[in-house]
Amino acid sequence: MNANSRFNWPIIGHEKIKRFLEKCVANSSFAHAYLFHGPEMSGKMALAKAFSASLLCENFRLLSEKKENLTLPCGVCSPCRQFQKKIHPDFYIVEKEVNEKTGQKKNAISVSQIRALLEKISKRSFSNSFKIIIFPEADALNEEASNCLLKSLEEPPARTIYILIALQKDALLPTILSRMQTFKFLPVPKETIYQYLMVNGANRDAANSISRIAVGRPTAAVDLFANAEKFRRAREEKRELLKFFTGGIVERFQLVESFINENHEQDAMLSKLDQLEIIARDILLFSFQAKDLAVCEFLGDELTRLAAGNSAADLTNFIFQIAATKRYLRANVNARLALENLVI
């Protein structure tokens with residue numbers, strides 16, 4: 001890519017992965033399949049879209065002609081406008097379908113969805129460009145769907161790129177992993193997120209609190225900064241979860257019952273457990289006088305009292321129990337039994 005050209009990828013952090021993919025675009029050298037794995041809302045989807053938009057942009061075709069002052073993606077050409085409006089004919093996002101009866105997402109991506117996708121991409125590209133398919137929930141591919149997709153990964157159609165996004169790399173079949181270029185998205189440093197928020201108009205208190213609550217997840221930070229009500233609710237949720245430590249066993253049972261009643265989806269219950277784990281970790285940090293590392297610094301008084309009333313050994317054991325409960329839920333153990341076992 002010409003030295004006067006640039007990439008328009010508004011990604012917070014993940015510099016090594018970003019530079020590698022930018023180099024792939026500049027050199028027109030690609031793998032046919034990539035796996036982005038790491039924490040939820042850590043920037044995986046944002047980078048996948050920036051990468052995809054650059055390949056579909058008309059400026060990408062001009063790279064070989066050594067044109068100067070190119071921006072990728074340009075944001076103004078016809079393919080870019082189609083991409084922004086989510087109507088680009090050669091860009092596909094495959095997600096879990098919604099159950100028409102319950103209105104909730106199904107537990108898995110089905111083989112029928114993969115077969116329908118393969119039928120579509122077997123045809124010639126509408127715009128003579130790449131065909132790009134993103135799986136934002138690749139962990140949800142069931143075994144039959146995975147095996148169906150595997151056939152296409154083994155013999156991919158020309159100029160077709162798959163991008164699989166997952167929380168857990170091990171959730172995918174080893175045979176699929178062996179055919180992908182893999183990138184692990186680590187938490188972005190709090191200071192990086194803090195500086196981004198400050199540059200974009202946040203005051204110091206908000207930037208500090210959001211960058212902590214985001215726990216290394218830049219997409220979550222941007223979302224909280226853009227939505228004051230969501231930021232307020234995130235803080236209140238953590239205050240509510242303190243009852244697990246301050247209340248008696250009845251309050252704890254009521255709390256986990258609310259996890260089940262309000263959040264029938266596995267992902268939502270796992271998210272609640274993530275938040276509970278954060279609070280337990282913060283109490284542990286306060287007990288070791290490491291308050292600067294805490295996520296919920298706005299709960300300082302409560303965390304100080306809880307740190308004085310709980311041993312480090314008990315807190316550490318509880319964190320291990322939360323991790324075990326999350327494993328049970330992912331293995332489809334009865335949610336009520338798993339959560340009540342955590343209370344006991």
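Above: the structure in question.
In this convention, every chain numbers its residues from 1, walking through the sequence in written order. In view of the model being predicted, local features appear only for residues whose pLDDT reaches at least 70, and side-chain atom pairs are presented and counted only at 80 or more, with totals across whole chains, interfaces and linings using the full set of residues. With hydrogens and water excluded, all non-hydrogen atoms of the structure serve as input to the side-chain values.

K.L.:
Before we move on, can you summarise the sheet that holds strand β5 (residues 131-135) with the specific residues and values?
P.N.:
The strands making up a sheet are joined through hydrogen bonds of the backbone, oriented either antiparallel or parallel. Read from one edge of the open sheet, five strands run β4-β5-β6-β2-β7, paired in parallel fashion. If you trace the sheet from one side to the other, it starts and ends with β4 (91-93) and β7 (181-184), each paired once. Neighbour-to-neighbour, the strand axes of the sheet open up by a mean angle of 15°, direction not taken into account. Strands were regarded as paired on the criterion that DSSP finds at least two bridges between them. Helix numbers and strand numbers start at the N terminus; a helix is a DSSP run of H or I with at least 4 residues, a strand a run of E with at least 2. Across four bridges, strand β2 (residues 33-37) lies against β7 in parallel orientation. Bridge assignment links Phe-36 to a residue of β7, and that residue is Phe-183. We call two residues in contact when some of their heavy atoms are within 4.5 Å. Convention adopted: a line fitted to C-alpha atoms gives each axis, helices being fitted over their contacting stretch, and angles between N-to-C directions are expressed from 0 to 180 degrees. Where helix α1 (residues 15-27) meets the sheet, its contacts fall on β2 and β7, and the angle it forms with β7 comes to roughly 150°. Here helix α5 (residues 111-121) sits on the sheet and contacts β4, β5 and β6 (160-166); the angle it forms with β5, its principal contact strand, is near 165°.

K.L.:
Can you break down the side chain of Thr-325 residue by residue, with the values?
P.N.:
Mapped onto the secondary structure, Thr-325 falls in helix α16 (residues 312-330). Type-normalised accessible area, obtained with a 1.4 Å probe on protein chains alone, sets the label of each residue: buried when under 20%, exposed when over 50%, and partly exposed for intermediate values. According to the relative accessible area criterion, Thr-325 is buried, its value standing at 2%. A distance of 2.9 Å separates a polar atom in the side chain of Thr-325 from the backbone oxygen of Gln-321. Setting aside chain neighbours within four positions, we find Thr-325 in contact with Leu-273, Ala-338, Leu-339 and Leu-342. Any N or O atom pair separated by 3.5 Å or less is treated as a polar contact, with the protein-specific requirement of one donor-capable and one acceptor-capable atom, and with residues adjacent in sequence counted only for side-chain atom pairs.

Note that all results are geometric; they support no functional claim without further evidence.
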